[in-house]
Amino acid sequence: MRHDRAALMARLKRHALTRTQAHLHVTTQYMQDICEHAWVSQGLPCSKVPLGIDTHVFTPAMRTSPDASAPRRLTVGIRASRIHWKGLPLALEAFREAAKHIPLHIITFQDKGLMSDLGPNVEVTDLGWVNDEADIVRAYQQMDVFLMPSTHESFGYMALEAMACGVPPIVFSSTTMDEVAGSAACAYLAPYGNAKGLSDALRQAHDRPADRLARSKAARARAVAHFPREGYENAMLRLYESLLT
């Protein structure tokens, strides 16, 4: 671009938004704060309705109590993506560090081949794009934890999918995933942008199976109580009805 047109584009966006008299819908407090303070959307009405999930489809597999005397690979799920805010470099750094101490099995969605060269202590299963919902659920059900090292998300739906399947997520604190996960009772919370924090969480999940099982149950309970699909659909219906009256 020969000229900086950012200010012009911002004015055009605000003009378009205010003329439509739009009512904004967001899914997290993080996004609501952005809409309420951003110049292009400031002053527009905004409602927060969190997303929901079908907890009858996304459900845990039958699990037995972990045997602490029988060490095994920690099975970790992750969305493998080169999009910079998805945190791939941080995930790779965390995997390499954790693999010095514990055996890992990494199951990836989306892009293949991004988890190579992690060393002999790491087994990788690249699923690629998975379109069948039943296959997605079966993949989650094989996982012990789900690593979601995103530095920015509008919601973090895959963390919720994992939680509904009884898989505690590993996420950064001070993000929307932190908001979805609720507390350390349901998830492993690492300091923001800290790969060592992710690695420590992986080691904790491996070394303390009883604690991991407790988080699994708490994560499932939170998904059922706070993010049911029917609750989301009913809330959206009420919002549309209120705007049409």
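Preceding this section is the structure that the text describes.
Residues numbered from 1 in each chain as written. Predicted model: local features only at pLDDT ≥ 70, side-chain atom pairs only at ≥ 80, totals over all residues. Heavy atoms only, no water.

Asker: Give a detailed account of the overall build of the protein chain, specifying residues and quantitative values.
Answerer: Helices and strands together make up the secondary structure of the protein chain, namely nine helices and eight strands. The C-alpha extent of the protein chain, read off along each of the three principal axes, is 65 × 50 × 30 Å. Buried positions account for 44% of the 245 residues belonging to the protein chain. In the protein chain, of all internal contacts separated by at least 6 residues, the share reaching a separation of at least 24 is 63%. When the accessible surface of the protein chain is split by element, carbon and sulfur atoms take 54% of a total near 13,000 Å². Side-chain charges of the protein chain comprise 27 positive and 25 negative groups, with the mean position of each set lying 5 Å from the other. (Helix = DSSP H or I, 4+ residues; strand = E, 2+ residues; numbered from the N terminus. Buried < 20%, exposed > 50% of the residue type's maximum accessible area, 1.4 Å probe, protein only. Contact = heavy atoms within 4.5 Å. Areas by Shrake-Rupley, 256 points an atom, 1.4 Å probe, with all protein chains shown as cover. Lys, Arg positive; Asp, Glu negative; His and termini not counted. Charge placed at Lys NZ, Arg CZ, Asp CG, Glu CD.)

Asker: Please set out the pairing of strand S6 (residues 145-148) residue by residue, giving values where relevant.
Answerer: Of the two faces of S6, the one carrying Val 145 and Leu 147 and the one carrying Phe 146 and Met 148 are both buried. Both strand S3 (residues 74-80) and S6 contribute to a ladder of three bridges, which runs parallel. Looking at the pairing, Val 76 lines up with Val 145 of S6. As paired strands, S6 and strand S7 (residues 169-172) are joined by three bridges and run parallel to one another. Counted as the bridge partner of Leu 147 is Ile 170 from S7. (Pairing = 2+ DSSP bridges.)

Asker: Help me get a handle on the packing of aromatic side chains, residues and values and all.
Answerer: One pass over the structure, following the stated rule, counts six aromatic pairs. Where Phe 109 meets Tyr 140, the ring centres are 5.5 Å apart and the plane angle is 50°; that geometry is what we call tilted. Taken together, the residues span a long stretch of sequence, with Phe 109 in strand S4 (residues 104-110) and Tyr 140 in helix H4 (residues 133-141) at a distance of 31 residues. Here the two residues Phe 109 and Tyr 140 agree in accessibility, since each one is buried. (Phe/Tyr/Trp six-rings, centres within 6.5 Å; stacked < 30°, edge-to-face > 60°.)

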